[in-house]
Amino acid sequence: RIFGSLRKRGLSGVMLAVSDNHKGLVKALEKNFQGTSWQRCAFHFIRNMLDSVPRKKRAYLYSDLKSIFLCSSKEDALLRASELSAKFEKHYPELSNMLRDDIEDSLSFMDYPIEHWARIKTTNVIERLNGEIKRRTDVVRIFPNNSSALRLIGSVCMEKNEEWITGKKYLNMDYLRNLNK
């Protein structure tokens, strides 16, 4: 319903959506914003893969898995994922299968300008915004009504928007315009 509501309210031109691997969210995105690329959050993907191995091995495997997302091209990243899948196949077949079958969803960010990669490969932006909203609402603790809660949350979102417009841009869209040319 959220995507349908956003589309009805005028949201258009969406090129990329970043989320965890929530199947309903992905299906709603496909229904409401056809042609939009989907990026599975790289951090969540790594965490999901690490859940399939013993805790003692996670630190060792983390650096290997993270190296996929540090490659300079999608082809290199796919090659690295293939190498790691083969390396882990004997001892960690579930991790190997995830690497082989699901890695492409986590590399959509590599189709965009390299200057944007650090910002669009994870859900960090929304996680940070949600954290700031939680921090601000925890101070108030009890709101007298829904409207007051919405005003506070709206003001936090407006602050972030103003910061991106007037100060530190989250994404420099000139890189994207140049890519499309």
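Structure: above.
To keep things clear, this report deals only with the structure shown in the data block.

Calculation rules
- Residues numbered from 1 in each chain as written.
- Predicted model: local features only at pLDDT ≥ 70, side-chain atom pairs only at ≥ 80, totals over all residues.
- Heavy atoms only, no water.
- Salt bridge = Lys/Arg side-chain N within 4 Å of Asp/Glu carboxyl O.
- Helix = DSSP H or I, 4+ residues; strand = E, 2+ residues; numbered from the N terminus.
- Buried < 20%, exposed > 50% of the residue type's maximum accessible area, 1.4 Å probe, protein only.
- Lys, Arg positive; Asp, Glu negative; His and termini not counted.
- Contact = heavy atoms within 4.5 Å.
- Core = buried A, V, L, I, M, F, W, Y, C linked by side-chain atoms within 4.5 Å.
- Patch = residues over 30% accessible without salt bridge, like charges linked within 9 Å, V, L, I, M, F, W, Y side chains within 5 Å.
- Areas by Shrake-Rupley, 256 points an atom, 1.4 Å probe, with all protein chains shown as cover.
- Charge placed at Lys NZ, Arg CZ, Asp CG, Glu CD.
- Pairing = 2+ DSSP bridges.
- Right-handed = clockwise from strand over helix to strand, strands pointing away.
- Arc of directions from axis to C-beta.

### Considerations on the pattern of salt bridges
Link 1 in the chain: Tallied over the full model, the rule gives 11 salt bridges.
Link 2 in the chain: Note that Asp 64 and Lys 87 form a salt bridge whose closest N and O atoms lie 2.9 Å from each other. Here Asp 64, found in helix H4 (residues 55-68), pairs with Lys 87, found in helix H5 (residues 74-88); they are 23 residues apart in sequence, far enough to count as distant.
Link 3 in the chain: For the salt bridge of Arg 80 with Glu 83, the shortest nitrogen-to-oxygen distance reads 3.6 Å. Of this pair, Arg 80 and Glu 83 are both found in helix H5, 3 residues apart, which corresponds to roughly one turn of the helix.
Link 4 in the chain: Look at Arg 80 and you get partly exposed, because its relative accessible area is 24%.
Link 5 in the chain: What makes Glu 83 partly exposed here is its relative accessible area of 42%.
Link 6 in the chain: Linked through salt bridges whose partners overlap, the residues forming this network are Asp 64, Arg 80, Glu 83 and Lys 87.

### Thoughts on the side chain of Lys 121
Link 1 in the chain: Its place among the elements puts Lys 121 in the loop between helix H7 (117-120) and helix H8 (124-140).
Link 2 in the chain: Although Lys 121 is buried, it forms no salt bridge, and the closest oppositely charged side chain is Glu 115 at an N-O distance of 14 Å.
Link 3 in the chain: In this structure, Lys 121 is in contact with Gln 39, Arg 40, Cys 41, Ala 42, Phe 69, Leu 70 and Phe 109, ignoring residues within four places of it in sequence.

### Things to note about the nonpolar core
Link 1 in the chain: Grouped together as the largest cluster of nonpolar side chains are 27 residues, with contacts concentrated most on Leu 65, Ile 68, Phe 69 and Leu 99.
Link 2 in the chain: Elements with a minimum of two residues in this core: helix H3 (42-50), H4, H5, helix H6 (93-102) and H7.
Link 3 in the chain: Of the residues forming this core, the biggest block, 5 residues, is contributed by H3.
Link 4 in the chain: With near-sequence residues (within four places) excluded, Phe 69 lies in contact with Ala 42, Phe 45, Ile 46, Ile 103, Ser 106, Leu 107, Phe 109, Met 110 and Lys 121.

### Concerning a positive patch on the surface
Link 1 in the chain: Together, Arg 7, Lys 8, Lys 27 and Lys 31 give the surface a local cluster of positive charge.
Link 2 in the chain: For the positive patch, the secondary-structure elements that each account for two or more residues are helix H1 (2-8) and helix H2 (23-32).
Link 3 in the chain: Topologically, Arg 7 is positioned in helix H1.

### Some points on the pairing of strand S2 (residues 37-40)
Regular strands place side chains that alternate from one sheet face to the opposite one.
Link 1 in the chain: Relative to S2, strand S1 (residues 16-19) is paired through 4 bridges, and the arrangement is parallel. Bridge assignment links Ala 17 to a residue of S2, and that residue is Trp 38.
Link 2 in the chain: Tracing the backbone out of S1, into H2 and back to the parallel element S2 gives a crossover that is right-handed.

### Quick notes on unusual backbone geometry
Link 1 in the chain: For Arg 141, which is not glycine, the phi torsion reads 70 degrees and is therefore positive.
Link 2 in the chain: On the secondary structure map, Arg 141 appears in the loop between H8 and helix H9 (146-166).

### A short note on H6
Link 1 in the chain: Along H6, the residues classified as buried are Leu 95, Ser 96, Met 98 and Leu 99. Considered in projection along H6, the buried side chains sweep an arc of 160 degrees and stay on one side of the axis.
Link 2 in the chain: Where H6 is buried, its residues meet S2, H3, H4 and H5.

Treat this as a map of the structure, not an account of what it does.
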